[in-house]
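So you can see what is in the structure, the chains are spelled out below.
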Amino acid sequence: MTRAFVTGVTGQDGTILARRLVAEGVEVHGLVRDQDDVTASSAERPPEVHVHVADVRDGPGLARILATVAPDEVYNLAGISSVAYSWEHPVTTGEVTGVGAVALFEAAHQVQEATGRQVRVVHASSSEIFGIPDRSPQDEHTAIRPVSPYGAAKAYAHQMAGIYRSRGLAVSSCVLYNHESPLRPMAFVTRKITAGAARIAVSGEGVLSLGNLDARRDWGWAEDYVDAMVRAARHDHPGDFVIASGQTRSVAEFVEAAFARAHIDDWRAHVRVDPQFVRPVDASDVVGDASRAKAELGWQPTIGFEEVVGRMVDHDLALLRA
Ligand code: GDP
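All of these numbers come straight from a predicted model, not from anything done at the bench.

S.K.: Describe the site of the ligand, and please don't skip the residues or the numbers.
M.R.: Close to the ligand lie 14 residues, the nearest being Lys 192, Gly 211, Arg 217, Arg 279 and Asp 282. In the model, a nitrogen atom of the ligand is placed 2.8 Å from a nitrogen or oxygen of the Gly 211 main chain. Bound to the protein, the ligand loses 91% of the 540 Å² it would expose on its own. Residues of the shell around the ligand, tallied by class, amount to seven nonpolar, three polar and four charged.

Written out as structure tokens, the structure is:
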């Protein structure tokens, strides 16, 4: 039986990945930061997941757990997930998202050396490593020039993945663009919009306050991005893979699609721009070219923009109507 070790198992991608691997019959071990998180996340997690409690900043603790589990596949999904948080906590961001990833690569390498069995590792990297990119769309050769503490920490981990690859560890780094699902926290604009549209549809009134409506993102469906990571883990030639839809839409287009799905005419009557949500520096022209993942991993996004929005709105409407 294949054994997988997943860090960040309480997050959106970790939850989706754990469900998928359990359904495949994989023995899944998940790392959770502390006991509070174990409790808070238990409703979404398949009961089959073996939970281990440790902070990724505790390298020796992580190595001990990995030595005990001796996994075939390792997925590094742990990390702080918000650019805004990284500006407020740059040191923690570096420790968790940067050094924590390296601690995991090191622990996986030690398991491989000790057992003589190959350990396959997938690291969840981010389009934030490109910062304000010098060309669009971005691919695996685009210059890495982060412009936030979050992007810099992700860039360090991404480059260390390449260094461990050259040391003989099968690490792939998936450079993930924005990917969404009903499991997205409200801090992300997509979920804020779909929950807001559902609230206004059910109550017949209300206002949604947003920041920059012209900001554009390359939005995909989280399950497709998790599928790319599983394919990368099982691929014979590890490497870097950009995972993206290849199309951008504006926040305004997201709002329009969400309100249409919730049968609200005239979304403009319900949306206000509030300066507190407008970012002083915001990534732009972020759009990925996933040709390599398509050619080498046989990966394809299966869900388009309208359906991503639609599924999230339907979920939020169902929550309110339950
Ligand atoms: P990010 O790409 O990881 O930062 O994902 P977010 O979902 O947080 O933000 C996506 C885009 O939506 C960014 O360009 C934001 O500036 C823009 N945006 C506009 N209004 C809002 C808002 O009210 N909340 C958030 N989080 N983002 C907003």
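More follows now that the structure is in view.
S.K.: With reference to specific residues and values, describe the domain arrangement of the protein.
M.R.: How big an interface is tends to be stated in terms of the accessible area lost upon association of its parts. Partitioning the protein into domains gives domain 1 (3-179 + 220-243) and domain 2 (182-217 + 248-282 + 305-321). The C-alpha centroid of domain 2 is placed 29 Å from the C-alpha centroid of domain 1. The interface is formed by ten residues belonging to domain 1 together with seven residues belonging to domain 2. Regarding the contact of domain 1 and domain 2, the summed buried area is about 900 Å², with carbon and sulfur atoms giving 65% of it. Of all residues in domain 1, Gln 12, Asn 178 and Trp 221 give up the largest surface area on contact with domain 2, accounting jointly for 56% of the area buried on that side. Counting the contacts that link domain 1 with domain 2 gives zero salt bridges. Our count for the contact surface shared by domain 1 and domain 2 stands at one residue pair in polar contact (both at pLDDT 80 or more). Contributions of two or more residues to the side of domain 1 that touches domain 2 are made by helix H1 (12-23) and strand S10 (220-221).

S.K.: So what about the packing of helix H9 (residues 251-261) against helix H11 (residues 305-321)? Which residues, and what values?
M.R.: When two helices pack together, their arrangement is given by the angle between the helix axes and the distance between those axes. With their axes 9 Å apart at the nearest point, H9 and H11 run at an angle of 55° to one another. Looking at the two axes, H9 sits oblique to H11. Seen from above, H9 lies across H11 with right-handed handedness. Contacts between H9 and H11 involve Glu 253, Phe 254, Ala 257, Ala 258 and Arg 261 on the former and, on the latter, Phe 305, Glu 306, Glu 307, Val 309, Gly 310, Arg 311, Met 312, Val 313 and Asp 314.

S.K.: Any details on the nonpolar core? Residues and values, ideally.
M.R.: Core analysis: the largest hydrophobic core is formed by 33 residues, its most contacted members being Tyr 75 and Ile 243. Breaking this core down by element, the ones donating at least two residues are strand S1 (3-7), H1, strand S2 (27-32), strand S5 (120-126), strand S6 (170-176), helix H8 (222-234), strand S11 (240-243) and helix H10 (291-297). For this core, the element with the highest residue contribution is H8, accounting for eight residues. In this view, Ile 243 contacts Cys 174, Val 175, Leu 176, Tyr 177, Tyr 225, Ala 228, Ala 290, Ala 293 and Trp 299; residues no more than four positions away in its chain are not counted. With 30 residues, the next largest nonpolar core counts Phe 5, Val 69, Ala 101 and Val 111 among its residues.

S.K.: Describe helix H7 (residues 189-203), naming the residues involved and giving the relevant values.
M.R.: With 15 residues, H7 should cover 21 Å at 1.5 Å per step; its first-to-last C-alpha distance of 21 Å lies within 8% of that length. Where H7 is buried, its residues contact strand S7 (179-180), strand S8 (208-210), H9 and H11.

S.K.: Tell me about the environment of Gly 168, residues and numbers included.
M.R.: In this structure, Gly 168 sits in the loop between helix H6 (149-166) and S6. Here the alpha-carbon distance between Gly 168 and Val 38, two residues 130 residues apart in the chain, equals 34 Å.

Cut-offs used in this document
- Numbers given for residues are sequential positions, taken from 1 along each chain in its written order.
- With pLDDT at 70 or above as the cut-off, local features in this predicted model cover only qualifying residues; side-chain atom pairs require 80 or more to be listed or tallied, and sums for whole chains, interfaces and linings still use all residues.
- Only heavy atoms go into the side-chain values, all of them from the structure, while hydrogens and water stay out.
- By convention in these notes, a residue is near a molecule or strand provided one of its non-hydrogen atoms lies within 4 Å of it.
- Polar contacts here mean pairs of N or O atoms no more than 3.5 Å apart (in protein, one a potential hydrogen donor and the other a potential acceptor; neighbouring residues in sequence count only if both atoms are side-chain atoms).
- Each accessible area is a Shrake-Rupley result for a 1.4 Å probe, and residues are judged covered by the shown protein chains and nothing else.
- Note on residue categories: nonpolar means Ala, Val, Leu, Ile, Met, Phe, Trp, Tyr, Cys or Pro, charged means Asp, Glu, Lys or Arg, and polar means any other residue, Gly included.
- Where each domain starts and ends follows an automatic or database-derived domain assignment.
- Note on contacts: a residue pair is in contact if any heavy atoms of the two residues lie within 4.5 Å.
- Summed over both partners, the accessible area (1.4 Å probe) lost when two parts come together is defined as the buried area.
- By definition, a salt bridge exists where a carboxyl oxygen of Asp or Glu is found within 4 Å of a side-chain nitrogen of Lys or Arg.
- Helix and strand definitions follow DSSP, with helices as H or I runs of at least four residues and strands as E runs of at least two, each counted in order from the N terminus.
- Angular values range over 0 to 180 degrees, each being the angle between N-to-C directions of two axes fitted as lines to C-alpha atoms, with helices fitted over their stretch in contact.
- Roughly parallel here means an angle under 35 degrees, roughly antiparallel means over 145, roughly perpendicular means 65 to 115, and every remaining angle is called oblique.
- A crossing counts as left-handed when the near helix is turned anticlockwise from the far one by less than a right angle, and as right-handed when that turn is clockwise.
- To form a nonpolar core, buried Ala, Val, Leu, Ile, Met, Phe, Trp, Tyr and Cys residues must be joined to one another through side-chain atoms within 4.5 Å.
- Classification of residues uses two cut-offs on accessible area relative to the type maximum, computed with a 1.4 Å probe and protein chains only: under 20% is buried, over 50% is exposed, and between them is partly exposed.
- Helix span, as expected, comes to 1.5 Å for every residue beyond the first.

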